[in-house]
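# Analysis of the macromolecular model
Below, each chain spelled out in residue letters.
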Amino acid sequence: MSVEKGADSDSIPEGSKMELPLWLVKGLYDNKRRVISVELPKIYREGWRTVFSADANVVDLHKMGPHYYGFGCQLLNFDSPENAEIAKTILQTFIGRFRRIMDSSQNAYNEDTSGLVARLDELERGLFQAGQIGLNAFQSWERGTAAQITASNLVQGYRKRKFNETEA
């Protein structure tokens with residue numbers, strides 16, 4: 001922000017560095033007017049991208065930022081020469097961690113998984129929980145204690161559409 005002569009003392013001096021919430025930065029950011037510039041958080045910078053490319057499974061994403069994937073995708077809205085590398089790292093990190101998360105969710109029946117889950121990003125926690133729910137449902141079905149198997153809502157909706165299309 002530029003400061004004009006005679007401006008009141010409530011103005012923010014030009015070149016000041018501040019931490020601002022993402023919603024405010026998105027509102028203030030204008031690529032043409034250059035009112036503010038965005039500095040990448042350390043976890044998205046080149047040094048951390050190298051760590052992720054070496055072995056993404058060793059990083060405690062929750063500690064570094066519980067919304068690593070979502071926040072990283074939001075950073076791509078700001079013009080940065082590093083956007084392509086950030087996007088690639090986010091995708092490769094997800095791919096590299098996905099298999100381990102799903103394997104753990106499927107092979108940790110009646111085990112304490114708090115150590116693993118504590119290191120996961122919120123998106124990964126949701127995936128882990130979905131895997132656990134699926135495993136529990138399968139185990140219940142296998143034991144014969146599951147409720148009657150029914151078609152999913154998606155399949156039921158598809159059948160209704162197909163039936164209506166054949167009537168026309």
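Look up a bit, the structure's there.
First, a word on what this report is: a plain description of the structure on this page. None of these values were measured; they are calculated from a predicted model.

Cut-offs applied
- Residues numbered from 1 in each chain as written.
- Predicted model: local features only at pLDDT ≥ 70, side-chain atom pairs only at ≥ 80, totals over all residues.
- Heavy atoms only, no water.
- Helix = DSSP H or I, 4+ residues; strand = E, 2+ residues; numbered from the N terminus.
- Expected span 1.5 Å × (residues − 1).
- Contact = heavy atoms within 4.5 Å.
- Polar contact = N/O pair within 3.5 Å; in protein donor to acceptor, adjacent residues only side chain to side chain.
- Patch = residues over 30% accessible without salt bridge, like charges linked within 9 Å, V, L, I, M, F, W, Y side chains within 5 Å.
- Areas by Shrake-Rupley, 256 points an atom, 1.4 Å probe, with all protein chains shown as cover.
- Salt bridge = Lys/Arg side-chain N within 4 Å of Asp/Glu carboxyl O.
- Buried < 20%, exposed > 50% of the residue type's maximum accessible area, 1.4 Å probe, protein only.
- Core = buried A, V, L, I, M, F, W, Y, C linked by side-chain atoms within 4.5 Å.

### Overview of helix α7 (residues 122–143)
- For α7, built from 22 residues, the straight-helix expectation of 32 Å at 1.5 Å per residue is met to within 8% by its first-to-last C-alpha distance of 31 Å.
- Close packing links the buried residues of α7 with α3 (61–64), α4 (68–75), α5 (83–107) and α6 (114–117).
- For α7, the N-terminal capping position is held by Asp 121, with its side-chain oxygen 2.8 Å away from the main-chain nitrogen of Leu 123.
- Phi for Gly 144, located one or two positions after α7, is positive at around 80°.

### A look at a nonpolar patch on the surface
- A cluster of nonpolar side chains, namely Ile 12, Met 18, Leu 20 and Leu 28, defines an oily patch on the protein surface of about 310 Å² accessible area.
- Take Met 18: it is sitting in the segment before α1 (22–28).
- Exposure remark for Met 18: the relative accessible area of 51% places this residue in the exposed category.

### Observations regarding the pattern of salt bridges
- Under the counting rule described, the total for this entry stands at five salt bridges.
- Residue Glu 39 is joined to Arg 45 by a salt bridge in which the shortest nitrogen-to-oxygen separation is 3.0 Å.
- As a salt-bridge pair, Glu 82 and Arg 49 come within 2.8 Å of each other at their nearest N and O atoms. With Glu 82 in the loop between α4 and α5 and Arg 49 in helix α2 (residues 46–55), this pair connects stretches of sequence that are 33 residues apart.

### Considering the nonpolar core
- Judged by nonpolar contacts, the single largest core of 16 residues is most densely connected at Ile 43, Tyr 44, Phe 52, Leu 61, Tyr 68 and Ile 90.
- Elements represented by at least two residues in this core include exactly α4 and α5.
- The greatest single-element share of this core, amounting to three residues, is contributed by α4.
- Every residue in contact with Phe 52, bar those within four places of it in the chain, is listed here: Ile 43, Val 59, Leu 61, Tyr 68, Thr 89 and Thr 93.

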